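Spelled out, the chains give:
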Amino acid sequence: MRGNDVLANVVASQTALHEAFGGVVPEQASREHLNVIDQVCQQALATAGVSLAEIDAVAATYGPGLVGALLVGLNYARALAWSRDIPFIPIHHLAGHIAAATSQAPFLCLIASGGHTSLFDVPAWGDYLELGKSRDDAAGEAFDKVARLLGLGYPGGPALSRLATEGEASAYAFTPPLRQQTGFDFSFSGLKTAVATLLRNQPDANPADVAASFEATVVTSLIHVTTRALEKTGRTRLVVAGGVAANRLLRERLEALSAELGIDVSVPALELTTDNGAMIALAAQHHVATAHTPDARTPDARTPNTPDALTIDAAPYLPLQPVKPT
Ligand code: KG4
Ligand code: ZN
């Protein structure tokens, strides 16, 4: 990045590698990170037309995620920053997803990805109040599992969504998740089981109808809970981020919600929706611009660019919490 402009965004996809197994095999994923990280960085520099000597800060994800993959990125980025004596900025993965959609707080934020489905109230950049989250499967995880039941391969979300366009969303009336709740949680594993049971009992069910009915139930649940959270918080800006924000039906329903409630809805550009490097750089840029230190739980916040800053401290489990203003 230069200023607020993204000069290059190189993504090395591991889809082909994971397809054969129907999901991510962690050890394979980290080895592949190690194989490609250097060439991805070289390619990003070449695309941006920038030399390593011109780089004045390096950012990388420190959590949450698969620890092997996190360690590869974190150590590469730390070593690079340390060798050049420039700042290293550790970024929370979800802060990256949010940054891909907006830089302007306050807002209410729905994050729906393969690993997370959460609602945050964000009064200021770096200040995150979790209102609710999935009690079981994440929305993207449910898409992937149901796609697998339908024999659609990995990752299933985009394929299931494509198939759903050929089906009838009213064909199957799945029970909406957590109908009685007064809070802001989500739940998708019961719905996934309902699809599995349906396919077992009715092997001739039309897959496109099943896909459309499932997709509509997930999207309606996301919209309902989010609408209630908007009413409770009184926020007039909504940010929706994470891989599931690429979903066509969700984007349509968000547009309708924006018109109905007269609120501003921000979703990332499609290429910034699923995991990518630019979203991490954008979050780092916002941290710098708003003078927030990196998360106080990382050694970088305490001892920037000392040998201590090379400590291996990837955080596989890491709730998104407020960072301390400087
Ligand atoms: O944010 P992301 O790239 O990775 C994680 O941090 O998890 O999200 C990936 C998830 C996968 O579960 C994928 O199936 C889902 O996002 N996804 C979609 C669509 N595109 C990606 N789900 C539904 N419809 C889509 N168009
Ligand atoms: Zn993600």
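Nothing here was measured: the structure is a model prediction, and the numbers come from that model.

Caption draft 1: Molecular detail of helix α8 (residues 207-233). Under the 1.5 Å per step criterion, the end-to-end length of α8 is 39 Å for 27 residues, consistent within 8% with the ideal 39 Å. Phi for Gly234, located one or two positions after α8, is positive at around 75°.

Caption draft 2: Fine view of the nonpolar core. The biggest cluster of nonpolar side chains holds 79 residues, and the ones touching the most others in it are Ala59, Ile91, Cys109, Ala139, Leu160, Val240 and Ala241. Top element by residues in this core is α8. It accounts for 10 residues. Lining this core are residues from two domains, each supplying at least three of them: domain 1 (15-97 + 274-310) and domain 2 (104-269). With residues near it in sequence (within four places) discarded, Ile91 still touches Ala59, Ala60, Thr61, Tyr62, Gly96, Ile280, Ala283 and Ala284.

Caption draft 3: The environment of Glu141, seen in detail. Considering the arrangement of structural elements, one finds Glu141 in helix α5 (residues 139-149). When the 23 C-beta atoms within 10 Å are taken as the criterion, Glu141 is described as buried.

Caption draft 4: Here's a closer look at unusual backbone geometry. Put simply, Gly63 and Pro64 share a cis peptide bond, and its omega is -10°. The step from Tyr154 to Pro155 runs through a cis peptide bond, and the omega angle for that step is -10°. You can see Pro155 is positioned in the loop between α5 and α6 (156-164). Unlike most non-glycine residues, Asp85 shows phi in positive territory, near 60°. Within the element layout of this structure, Asp85 appears in the loop between α3 (67-84) and β2 (88-92). Unlike most non-glycine residues, Leu178 shows phi in positive territory, near 45°. Counting through the fold element by element, Leu178 comes out in the loop between α6 and α7 (189-201).

Caption draft 5: Summary view of the site of ligand 1. In the vicinity of ligand 1 lie 19 residues, with Ser113, Gly114, Gly140, Gly157 and Gly243 positioned nearest. Looking at the shell around ligand 1, the elements that each hand over two or more residues are α5 and α6. Taken together, the residues that form the shell around ligand 1 break down as five nonpolar, 11 polar and three charged.

Caption draft 6: A look at the domain arrangement of the protein chain. Annotation of the protein chain at the domain level lists domain 1 (15-97 + 274-310) and domain 2 (104-269). The C-alpha-based centres of domain 1 and domain 2 are spaced at 28 Å. Facing the 12 residues of domain 1 at the interface are 13 residues of domain 2. Of all the secondary structure elements, the ones that give two or more residues to the side of domain 1 that touches domain 2 are α1 (15-19), α4 (93-101) and α10 (277-289). Counting residues per element, the side of domain 1 that touches domain 2 draws most heavily on α1, at three residues.

About the criteria used
Residues numbered from 1 in each chain as written. Chains lettered and ligands numbered in written order. Predicted model: local features only at pLDDT ≥ 70, side-chain atom pairs only at ≥ 80, totals over all residues. Helix = DSSP H or I, 4+ residues; strand = E, 2+ residues; numbered from the N terminus. Expected span 1.5 Å × (residues − 1). Core = buried A, V, L, I, M, F, W, Y, C linked by C-beta atoms within 7 Å. Buried ≥ 20, exposed ≤ 12 C-beta atoms within 10 Å, placed from the backbone. Domains from an automatic or database assignment. Contact = placed C-beta atoms within 7 Å. Near = placed C-beta within 6 Å. Nonpolar A, V, L, I, M, F, W, Y, C, P; charged D, E, K, R; others polar.

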